[in-house]
Amino acid sequence: MNRFVLVGAVSAAALLGSTAISNAASVEVMHWWTSGGEQAAVSVFAEEFEALESGHTWIDTAIAGGDASRSATLQRILGGDAPGAAQFNISRQFEELAEAGLLLDLTDLAEAEGWRDFIRPDAILDVCEFDGRIYCVPVNIHSWQWGWASVPAFEAAGLEVPTNLEDFVAAIPALQEAGIIPLAIGGEPWQHNGALGVTLMSVMGLEGHLRLYRDRDADYARSEEVARGLEIWREMTATIDDGAANRNWNDTTNLVITDQAALQIMGDWARGEFALAGLEAGVDYECLPGPSDDPYLDTGGDIFLFPKQNDPEVEAAQLEMASMMVNPRVQALFNNAKGSLPVRDDVDFSLADACMRKGLEILSNPDRVFQGAGFYMLEDDVQRLNDLWVEFSFNRDMSIEEAQERFANIIATAAE
Amino acid sequence: MARRRIKINPMALIGLTPMIATAVGVFVICIIYSIVLSFTNSRLLPNFEFIGFAQYERLWETPRWLISVRNIWLFGFFSIAFNMIFGYLLAVFMDQRIKQEDAFRTIFLYPFAMSLVVTGLVWQWIMDPNLGFQSAVRNMGFTDFRFSPLTNEATAIYGVIVAGIWNGVGVTMAILLAGLRGVDEEVWKAARVDGIPTWKTYLFITLPMMRGAFITAFVLQCVGVVRVYDLIIAMTQGGPGISTQMPAVFVIQHISGRSNVGLGMAAATMMLLPIIVLIAIQQYFAWRSRRRAAGIGAAVATLPQAQGVKAS
């Protein structure tokens, strides 16, 4: 159908005269959405962009892996061969690009369309703003703070599904006796980093999180709460199965889907896997926000930025793309395919399942929403923390005291 | 001794200009630029706010860098040592006038022709407990068999070393085989006349005569070790934990994704140091042997007999 729309648009443009055709531009878009669901989502953007009246072309450059894609984008911008648009995370990853004046200023468009009024929570637009100007467009919201539990696995061990990690740790021996893998996790560094961060958050709560990353209170890194969080992590990861090395996140989710494992700590993108397997929330599996009785959700997600181009036609096309990405209809289509939450709340939520509704309810309470460490700290320092947590997680000779001391040191020396 | 005047051929100069420009531009200027950047607090974009040795101080306090340095020594020592030993043994084996020598040489050289990314992935699969060697042996009935070096922090680096040896041994063999073939047939005949066993001839006579081939192979291996990057990315991504990190991975990640050019350049400069030391040592020996040769030449020239011979 879209092809017809495109053909229609092109022929309409042809009828309007040659000036309309010459406005058509090609925009290369770099992103790391390569899995099935992600591809479906990015196709929504591509098709909607090409269906615009101006007859622009979307040139897709997908690079597997966020790190690899972001590195390639940065190198190309610095090398003078900037792509037309590029995906980054909601974080400070691209701050220097904006400061150096390498990004297209979207402020006029944002003001004309009223982004400030409909994009929520405010924090996801705040990361796009430098010196009062807006340089990027948030497209979706993801949260890491979810546990995915297999109801039959806990039943087999004669247990109720726990709602927090303390109860889960207490349940580990019974699960092992029943021949069930207690915690499902893959050996990739980002899975360990993410889940460990969630574990710390579930113990520290919002107050501790802000003291650490926003206020840079190094003493808090040496506190009892952080120690307890690391202890829980050690207990949960003591029983990792042999196959964990190199296992990607969705194969890991599959262990919970097939009731071989009891719990996976993974962001809300895991929901799509349960839906795809035809499981029903609350019956076959349970989603645990937090996982904590006092849950907080972060508003991570993706943004697109538009490196400056010399060609005014490409610039016009970039602005049209930015506008298309926050269009309510496109937001609904895109986020349904992606399994993420839209950046505006005036879109159709009729397709939301039980877990998504739980998430939406928590997100609607501003006191329960927080920003990840990457919102307060530079990427370099976030990665130093990641190095520490990955080392701590795999090197069981490292004591909790040593890890806390190094944690405190990174917090104390992190750049502003 | 009168110094010979160096005559410059203008055609040669024209021909060499692009090469000289590239060498100076790419190597000298870029290396100096990198070293200068390592004394700045450059993040994503290079700047010239000098902060002294702060990047180096942070570098040598970073556990991941210390592990990278330890790993490259381990990797370098074991992979070069085993490549040399196995490479020489294979070359000797190939030297036995075996049938199908071409076929064998192709087989042994093949790993070198393959991308390190492919090598890394193949060995990752072989060492994966669920796909590779362990599961194959278990399927044969030995259910307690364990072989999963890459899943253990303490052994993962040795798994990487095995893949490195597999990749490098063939090319070492090819170079040493050429060296073996270059040894004069007369030497072999003389050894045989003296009744020296073949293995002793290989070990004590031809091996010392192949210094050039060994140095070539050694230098190639060293370069391969210092820049090892793709093998790590494909095989372990530096894991489990940070146990198989390497300096080149550290540098690339810091100057790209992590947006800390200053620290990355400090690490790159540290990688350059051992190479400069190696080159300095080699230059010193080359200079010393040149001087000795010149000294002997001068001594010979002053001998009256020699002059007489020349004159006749």
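Criteria and thresholds
- Residues numbered from 1 in each chain as written.
- Chains lettered and ligands numbered in written order.
- Predicted model: local features only at pLDDT ≥ 70, side-chain atom pairs only at ≥ 80, totals over all residues.
- Heavy atoms only, no water.
- UniProt positions renumbered as here; feature names shortened; annotations may be inferred.
- Pairing = 2+ DSSP bridges.
- Helix = DSSP H or I, 4+ residues; strand = E, 2+ residues; numbered from the N terminus.
- Axes fitted to C-alpha atoms, helices over the stretch in contact; angles between N-to-C directions.
- Contact = heavy atoms within 4.5 Å.
- Polar contact = N/O pair within 3.5 Å; in protein donor to acceptor, adjacent residues only side chain to side chain.
- Domains from an automatic or database assignment.
- Buried area = accessible area lost by both parts, 1.4 Å probe.
- Salt bridge = Lys/Arg side-chain N within 4 Å of Asp/Glu carboxyl O.
- pLDDT = per-residue confidence, 0-100.
- Buried < 20%, exposed > 50% of the residue type's maximum accessible area, 1.4 Å probe, protein only.
- Nonpolar A, V, L, I, M, F, W, Y, C, P; charged D, E, K, R; others polar.

Going by the annotation in an unreviewed UniProt entry, the name recorded for chain A is Probable sugar-binding periplasmic protein, with Pelagibacterium lentulum given as the source organism. Recorded under Sequence similarities (unreviewed entry), the UniProt text for chain A is reproduced unchanged: "Belongs to the bacterial solute-binding protein 1 family." In its Subcellular location (unreviewed entry) section, the UniProt record describing chain A reads: "Periplasm".

### Notes on the sheet that holds strand S7 (residues 146-150) of chain A
Residues and elements named next belong to chain A. Taken in spatial order, the four strands line up as S8-S9-S7-S10 in an open sheet, and their pairing is mixed. Every other strand in the sheet has two partners, leaving strand S8 (181-184) and strand S10 (285-289) as the edge strands with one partner each. The mean inter-strand angle of the sheet, taken between neighbouring strand axes irrespective of direction, is 20°. Alignment of S7 against S10, held across five bridges, turns out to be antiparallel. Considered in S10, the bridge of Gly147 is made with Leu288. Each of S7, S8 and strand S9 (261-265) is contacted by helix H13 (residues 249-257), which is oriented at about 140° to S9, the strand it contacts most.

### Examining helix H8 (residues 185-193) of chain B
Residue Asp184 of chain B occupies the N-cap position of H8 of chain B, its side-chain oxygen lying 3.1 Å from the main-chain nitrogen of Glu186 of chain B. Phi for Gly195 of chain B, located one or two positions after H8 of chain B, is positive at around 75°.

### Details of the domain arrangement of chain A
Residue and element names in this part refer to chain A. Here chain A is partitioned into domain 1 (2-141 + 302-345) and domain 2 (146-298 + 361-413). On a C-alpha basis, the centres of domain 1 and domain 2 stand 32 Å from each other. Across the boundary between the two partners, domain 1 contributes 14 residues, which contact 13 residues of domain 2. Across the domain 1/domain 2 interface, buried area totals approximately 1000 Å², and carbon plus sulfur atoms make up 56% of it. Of all residues in domain 1, the largest losses of buried area upon contact with domain 2 belong to Arg92, Ala123 and Gly339, amounting jointly to 40% of the total for that side. For the pair domain 1 and domain 2, the number of links is zero salt bridges. At the boundary of domain 1 with domain 2, the tally comes to two residue pairs in polar contact (both at pLDDT 80 or more).

### Some points on the confidence of the model for chain A
When the pLDDT values of chain A are averaged, the result is 88; 94% of them are 70 or greater. Long-range and interchain partners of residues 1-21 of chain A, a stretch whose pLDDT sits below 50, account for eleven contacts in this model, where long-range means more than four residues apart.

### Some points on the sheet that holds strand S12 (residues 300-305) of chain A
Each strand in a sheet pairs with another by means of backbone hydrogen bonds, the pair being arranged parallel or else antiparallel. All names here are of chain A. One open sheet accounts for five strands, arranged S2-S1-S3-S12-S6; its pairing is mixed. Looking along the sheet, the strands with just one partner apiece sit at the ends: strand S2 (57-62) and strand S6 (136-142). When strand polarity is set aside, the average angle formed by the axes of neighbouring strands in this sheet is 25°. Bridge count between strand S1 (residues 26-31) and S2: six bridges; the pairing is parallel.

### With respect to the pairing of S7 of chain A
Residues and elements named next belong to chain A. The buried fraction of S7 is high, at five of five residues. The alternating pattern of S7 places Trp146, Trp148 and Ser150 and Gly147 and Ala149 on opposite faces, both of which are buried. Across three bridges, S7 lies against S9 in antiparallel orientation. Looking at S9, one finds that Trp148 is bridged to Gln264.

### Side note on the domain arrangement of chain B
Residues and elements named next belong to chain B. As far as domains go, chain B holds domain 1 (16-52 + 247-277) and domain 2 (64-245). The C-alpha-based centres of domain 1 and domain 2 are spaced at 31 Å. Listed as interface residues are eleven residues of domain 1 and, on the opposing side, eleven residues of domain 2. Together, the buried faces of domain 1 and domain 2 total about 1000 Å²; carbon and sulfur atoms form 76% of this surface. Summed over the three residues of domain 1 that lose the most area to domain 2, namely Pro247, Val249 and Phe250, the buried surface amounts to 53% of that side. Applying the counting criterion to the domain 1 and domain 2 interface returns zero salt bridges. Seen at the junction of domain 1 and domain 2, the total is one residue pair in polar contact (both at pLDDT 80 or more). Elements represented by at least two residues in the side of domain 1 that touches domain 2 include exactly helix H12 (247-255) and helix H13 (261-302). The element contributing the most residues to the side of domain 1 that touches domain 2 is H12, with six residues. Class assignment for the residues of the side of domain 1 that touches domain 2 results in nine nonpolar, one polar and one charged.

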